[in-house]
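Coordinate analysis (summary)
These are the residues of each chain, in order.
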Amino acid sequence: MDKKINDIIAEINKSSLEYKIGGPFGAVIYKKGKIVGKGVNKVTGANDPTAHAEIQAIRDACINLKTYDLSGCELYATGYPCPMCMSAIIWANIKKVYYSADYKDAAKIGFKDDYIYRFIKDGCKDKKVLKLIPIDKKPIIDLYKKYKKSNGKIY
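This write-up is about the structure you can find in this document.

Definitions and limits used
Residues numbered from 1 in each chain as written. Predicted model: local features only at pLDDT ≥ 70, side-chain atom pairs only at ≥ 80, totals over all residues. Heavy atoms only, no water. Pairing = 2+ DSSP bridges. Helix = DSSP H or I, 4+ residues; strand = E, 2+ residues; numbered from the N terminus. Axes fitted to C-alpha atoms, helices over the stretch in contact; angles between N-to-C directions. Contact = heavy atoms within 4.5 Å.

What follows deals with the pairing of strand β4 (residues 96–101). The sheet contact formed by strand β3 (residues 73–79) and β4 spans 5 bridges and is parallel. By the bridge assignment for β4, Gly79 is matched with Ala101.

A few words now on the sheet that holds β3. The strand order across the open sheet built from 4 strands is β2-β1-β3-β4, with neighbouring strands paired in mixed fashion. Sheet topology places β2 (34–40) and β4 at the edges, where each strand pairs with a single neighbour. Between one strand axis and the next, the sheet turns through 15 degrees on average, direction left out of account. Two strands pair when backbone bridges link them, and strand β1 (residues 26–31) and β2 are joined in this way by 6 bridges, in the antiparallel orientation. The residue of β2 that forms the bridge with Val28 is Lys38. Sitting on the sheet, helix α3 (residues 53–65) touches β1, β2 and β3, and the angle it makes with β2 is about 140 degrees.

What follows is the structure in structure tokens.
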């Protein structure tokens, strides 16, 4: 990461730790040499388990760019993205992520990214982690067909 990005992430993390609003994670989204989104972990401050730095940065970039498609953007983060953030990054069409610490480093201070990665890798079958229970899908399949027929956007 270049010095400018490192300085921004350091400042974001300083704010996070000083105000006790989340964990030690920050992220910025860059496009064509400009920062278009910033995020800091706000999980504990917002009482929102989805308020990770990468998610916050994606939300900020989407608002600033007035789009849900962040093609052409790059994400810089203090840590390797957790499974939720990785999914959001993929949905946002971001193709490059630069990160510093990895999930093993996060595990050393109590974060459970590896636990979730193992659950997914093992086919989401460990019922002690999460029970996935299918229900009648016909009404939803009908809804999907109506959506497709109405030319709803696929992202």
